[in-house]
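As a plain string of letters, each chain reads:
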Amino acid sequence: MRHVTSIADLSDDEIVDVLNAAESLRPHFVARGGRTEVLRGFLDKRPLEPFIAATLFYEPSTRTRLSFETAMLRAGGRTLTVADRESSSAAKGETLADAMRIVSSYADVCILRHPADGAARLAASVSSIPVINAGDGSHEHPTQTLCDLYTLWATGFRRGAGKVDKEHFRGKHVAIWGDLRNGRTVHSLMYALLRFGACVSTRSSPDLDLPHELRTRLSLEYGVERIPVRSTDPSSLTADALYVEGKGDHDPAPRPPVAAYDAMYVTRLQKERLQGASSDVDYGTVTPETLKQPPFANSVVLHPLPRVSELSYDLDALEQAKYFQQAAYGVPVRLALLVSVLTEWLKGGETTRIYGGRAALRGAISDTTVACQNTRCISQLEPRSTPPRFDVLELPTTGRLVGRCFYCDTDVRHGVASNGRFSFDTDAAKAIG
Ligand code: NCD
């Protein structure tokens, strides 16, 4: 079955196909006087007419849920909605695994948002219908990334009038700002941009940098180099690290910041995920003055929204501000994805996890007496219905084996590899709890 639980479930070609399908759908959605009208054409064929989508949202949402539901309705399909965890049996203590078994006996596709890392993969593993991840904890948000890539392409990266091509992303400079630790949109987007050969500069508040594990993975599995950025002007809003394609096997010398960014991607502080840490972070605000600085003079500005204080309202009138367009593109992009997922489901297509394209799946750890070390993993939060499950991967170049949580992608810290097999160092793992 075809599920989209992570951006790693889609190959580069599959991503490009969805973006091209979105591009051919987009002319059917025309904004007139503040509202969207739908033109005749493709949508009259009602490509999703036989299907029912369940949107199962255990966290707040405006854009993601409504754009999925609009896509279904515009294309002739229907929707069932749980817009709020408290209005579902989850409030009575029902596990996600049970809820998913029920939903898959009613609907044809489930679009899931959940606060636990790895929830989408758990749902997919018990589901008899395709599952699309609409954001699981601070893990991933792959369909937001499809919207982000499409917006970057349509508003700046495209070359000429032709189709989307992954080469259009190669060498483009994107500055990503904000809560990189907890922001799931950023995680999926980093993987995709770097797979497409873009260069990404990051800037975060202290303690909110990309998780160490994600950085290690980019280096060992995606062949990405992280280069420290030496800022010459501490008052300017420049980056602190640059990620580019490379060998990823050494620590390069610091470089000055990039002279000109093609895009700036801003995110809000994920207050609901700070877990006791101070939410009193000096977060900064992007203003029209920021865009007057030479590196940003020609950057388009994206934001997955909602914004809190990090984007000034004064930006909205500027041509460079693309975040409302980005939200509007959610409909053609998600419609394209739904058509692809549901058509493949009828044909019996299978999901192949890409794992960065370079690490190879070698099997699974059979000893499941040790829990995932990520306390926000669904297997920790709902342990009775979600037994620990770990894949074994072989890393490129070194051939080293690693164990990885099947649900949330957290690597096993206490493992032993010998004779081509990987198992837990159970004593060490238990000692750290
Ligand atoms: C994002 C999310 O839910 O992760 N919102 C969205 O889907 N557009 C970003 C956020 O909430 O900050």
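Residues numbered from 1 in each chain as written. Predicted model: local features only at pLDDT ≥ 70, side-chain atom pairs only at ≥ 80, totals over all residues. Heavy atoms only, no water.

### Brief notes about the site of the ligand
Surveying the vicinity of the ligand reveals the residues R63, T64, R113, H141, Q144, R184, T185, R268, Q270, P304, L305 and P306. Side-chain polar atom of R268 to an oxygen atom of the ligand: 2.7 Å apart, as the coordinates give it. Here Q270 contributes a side-chain N or O atom positioned 2.8 Å from an oxygen atom of the ligand. A total of 320 Å² of accessible area belongs to the ligand in isolation, and the protein chains cover 94% of it. At the level of elements, α2 (63-74) and α6 (184-195) are the ones that each hand at least two residues to the shell around the ligand. Residues that form the shell around the ligand fall into these classes: three nonpolar, five polar and four charged. (Near = heavy atom within 4 Å. Polar contact = N/O pair within 3.5 Å; in protein donor to acceptor, adjacent residues only side chain to side chain. Areas by Shrake-Rupley, 256 points an atom, 1.4 Å probe, with all protein chains shown as cover. Helix = DSSP H or I, 4+ residues; strand = E, 2+ residues; numbered from the N terminus. Nonpolar A, V, L, I, M, F, W, Y, C, P; charged D, E, K, R; others polar.)

### Notes on the packing of aromatic side chains
Tallying each qualifying case throughout the model produces nine aromatic pairs. A ring pair is formed by W177 and F296, whose centres lie 5.4 Å apart and whose planes are at 85 degrees; its orientation type is edge-to-face. Of this pair, W177 sits in strand β7 (residues 173-178) while F296 sits in the loop between β11 (263-266) and β12 (300-302), and the two are 119 residues apart along the sequence. In this structure F296 comes out as buried when scored by relative accessible area, which is 1%. Ring centres 5.2 Å apart and planes at 10 degrees place the aromatic pair Y261 and F296 in the stacked group. With Y261 in the loop between β10 (241-245) and β11 and F296 in the loop between β11 and β12, the pair connects residues that are 35 residues apart, well separated along the chain. Side by side, Y261 and F296 carry an identical accessibility label, which is buried. Ring-pair connections join several aromatic residues into one group, and the members of that group are Y150, W153 and Y329. We note R203 situated over the ring of W177; from NZ or CZ to the ring centre the distance is 5.6 Å. For the cation-ring pair, R389 lies above F406, with the distance from its terminal atom to the ring centre recorded as 3.7 Å. (Phe/Tyr/Trp six-rings, centres within 6.5 Å; stacked < 30°, edge-to-face > 60°. Buried < 20%, exposed > 50% of the residue type's maximum accessible area, 1.4 Å probe, protein only. Lys NZ or Arg CZ within 6 Å of the ring centre and 35° of its normal.)

### What to know about the pairing of β10
A large share of β10 lies buried, amounting to four of its five residues. Of the pairings in the sheet, the one linking strand β8 (residues 199-204) to β10 comprises three bridges and is antiparallel in character. In the sheet register, T202 faces β10, and the bridge partner there is A241. (Pairing = 2+ DSSP bridges.)

### Some words on the pairing of strand β5 (residues 109-114)
Side-chain direction in a regular strand flips from residue to residue, so the side chains alternate between the two faces of the sheet. For β5, a buried count of six out of six residues is recorded, marking the element as mostly surrounded by other parts of the structure. Neither face of β5 is exposed, since V109, I111 and R113 on one face and C110, L112 and H114 on the opposite face are all buried. Examined bridge by bridge, β5 and strand β6 (residues 131-136) share four bridges and lie parallel to one another. Looking across to β6, one finds that L112 is bridged to N133. In this fold, the crossover linking β5 to β6 by way of helix α4 (residues 119-126) has right-handed handedness. (Right-handed = clockwise from strand over helix to strand, strands pointing away.)

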